[in-house]
Amino acid sequence: MDKPLAMINHEAEPGQPLKNSYQQIRILTKQIFFVGYDILLAGKESWSTKELDPLLAPSEQKKWIDMLDRRDEKAIKDWIEAEFLTLSPPYPDPELIRIRLTSVLAQVWRYMKNHQLECPAFEAAYHEVFEQIIYSPILYQVLNKLVSFISRLFFWVG
């Protein structure tokens, strides 16, 4: 198919209220954020989440400041890959990942301010990445947009 598709096969327990089935299916759909589309999710699967601190620790903030100041795209890509692309079940709640990504984006904003990259084009691109973090249904798409934006910033700074 040319359109993204995820299917959920859910069999409700006899006598189970429709609301319970809806809530179970809604929880299962959170997996799409991590694994993408073109999947079949079974309704009998359980969903448990693992804890994740959504904010960058001071040492992580310092690392981001350093990576950005050095314009080290490889280190940034490696950090993003290690942090987000190696996740396995049980996954954290997608909303915690989104918060963590906005913490990363805050470091990028500081970099933009420090390098006087405050023009409408840069700010529009920044807000586009922010919107992607908040609304994109797939983590991989968010990460691609973030890395692409950082690469463009480095190009603009020269």
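Residues numbered from 1 in each chain as written. Predicted model: local features only at pLDDT ≥ 70, side-chain atom pairs only at ≥ 80, totals over all residues. Heavy atoms only, no water.

**Quick word on helix α3 (residues 58-69)**
Turning to step 1, where the next piece is worked out: Taking 1.5 Å per residue as the helical rise, α3 with its 12 residues ought to reach 16 Å, and the 16 Å between its terminal C-alpha atoms agrees with that figure.
Turning to step 2, where the next piece is worked out: Considered for burial, the residues of α3 that qualify are E60, W64, M67 and L68. On an axial view of α3, the arc spanned by its buried residues comes to 95 degrees, and they lie on one face. Exposed and oriented more than 90 degrees from the buried face of α3 are P58, S59 and K62.
Turning to step 3, where the next piece is worked out: Buried residues along α3 sit in contact with α4 (73-85), α5 (94-114) and α7 (139-157). (Helix = DSSP H or I, 4+ residues; strand = E, 2+ residues; numbered from the N terminus. Expected span 1.5 Å × (residues − 1). Buried < 20%, exposed > 50% of the residue type's maximum accessible area, 1.4 Å probe, protein only. Arc of directions from axis to C-beta. Contact = heavy atoms within 4.5 Å.)

**Quick word on a nonpolar patch on the surface**
Turning to step 1, where the next piece is worked out: Together, L5, M7 and L40 line one region of the surface with nonpolar side chains, adding up to about 290 Å² of accessible area.
Turning to step 2, where the next piece is worked out: On the secondary structure map, L5 appears in the segment before β1 (6-9). (Patch = residues over 30% accessible without salt bridge, like charges linked within 9 Å, V, L, I, M, F, W, Y side chains within 5 Å. Areas by Shrake-Rupley, 256 points an atom, 1.4 Å probe, with all protein chains shown as cover. Salt bridge = Lys/Arg side-chain N within 4 Å of Asp/Glu carboxyl O.)

**What about the packing of aromatic side chains?**
Turning to step 1, where the next piece is worked out: Counting across every chain of the model gives eight aromatic pairs.
Turning to step 2, where the next piece is worked out: Ring geometry for W79 and F84: centres 6.0 Å apart, planes at 75 degrees, overall edge-to-face.
Turning to step 3, where the next piece is worked out: Both rings, one in W109 and one in Y126, keep their centres 4.6 Å apart while their planes meet at 50 degrees; by these two values the pair is tilted. Taken as a pair, W109 in helix α5 and Y126 in helix α6 (residues 120-135) lie far apart in primary sequence, 17 residues in all.
Turning to step 4, where the next piece is worked out: Connected via pairs of aromatic rings, a cluster forms that spans F33, F34 and Y91. (Phe/Tyr/Trp six-rings, centres within 6.5 Å; stacked < 30°, edge-to-face > 60°.)

**Regarding the confidence of the model for the protein**
Turning to step 1, where the next piece is worked out: In this model, the protein carries an average pLDDT of 91, and 96% of its residues clear a pLDDT of 70 or more.
Turning to step 2, where the next piece is worked out: At the low end of the mean pLDDT range in the protein sits strand β2 (residues 39-42), at 82; at the high end sits α3, at 98. (pLDDT = per-residue confidence, 0-100.)

**Considerations on the packing of α3 against α5**
A pair of packed helices can be characterised by two numbers: the angle between their axes and the separation between those axes.
Turning to step 1, where the next piece is worked out: Two elements in contact, α3 and α5, have axes whose closest approach is 10 Å; the angle formed by their N-to-C orientations is 45 degrees. If you check the angle between α3 and α5, you find them oblique. Between α3 and α5 lies a crossing whose hand is right-handed. Of α5, the residues touching α3 (which contributes E60, Q61, W64, I65, L68 and D69) are R100, V104, Q107, V108 and Y111.
Turning to step 2, where the next piece is worked out: Its residues assigned to classes, the contact of α3 with α5 shows six nonpolar, two polar and three charged. (Axes fitted to C-alpha atoms, helices over the stretch in contact; angles between N-to-C directions. Parallel < 35°, antiparallel > 145°, perpendicular 65-115°, else oblique. Left-handed = near helix turned anticlockwise from the far one by under 90°. Nonpolar A, V, L, I, M, F, W, Y, C, P; charged D, E, K, R; others polar.)

**Here's the deal with the pattern of salt bridges**
Turning to step 1, where the next piece is worked out: The tally for this structure, following the rule as stated, stands at nine salt bridges.
Turning to step 2, where the next piece is worked out: Among the ionic pairs, D93 bridges to K30, the shortest N-O distance being 3.2 Å. On the criterion of sequence distance, the pair formed by D93 in the loop between α4 and α5 and K30 in the loop between α1 (18-29) and α2 (31-35) is long-range, its members being 63 residues apart.
Turning to step 3, where the next piece is worked out: We classify K30 as partly exposed; its relative accessible area is 31%.
Turning to step 4, where the next piece is worked out: Across the salt bridge formed by E95 and R98, the nearest N and O atoms sit 3.6 Å from each other.

**Digging into unusual backbone geometry**
Turning to step 1, where the next piece is worked out: Residue P90 follows P89 across a cis peptide bond; omega there is -5 degrees.
Turning to step 2, where the next piece is worked out: You can see P90 is positioned in the loop between α4 and α5.
Turning to step 3, where the next piece is worked out: Unusually for a residue other than glycine, Q116 sits at a positive phi of about 50 degrees.
Turning to step 4, where the next piece is worked out: Relative to the helices and strands, Q116 resides in the loop between α5 and α6.

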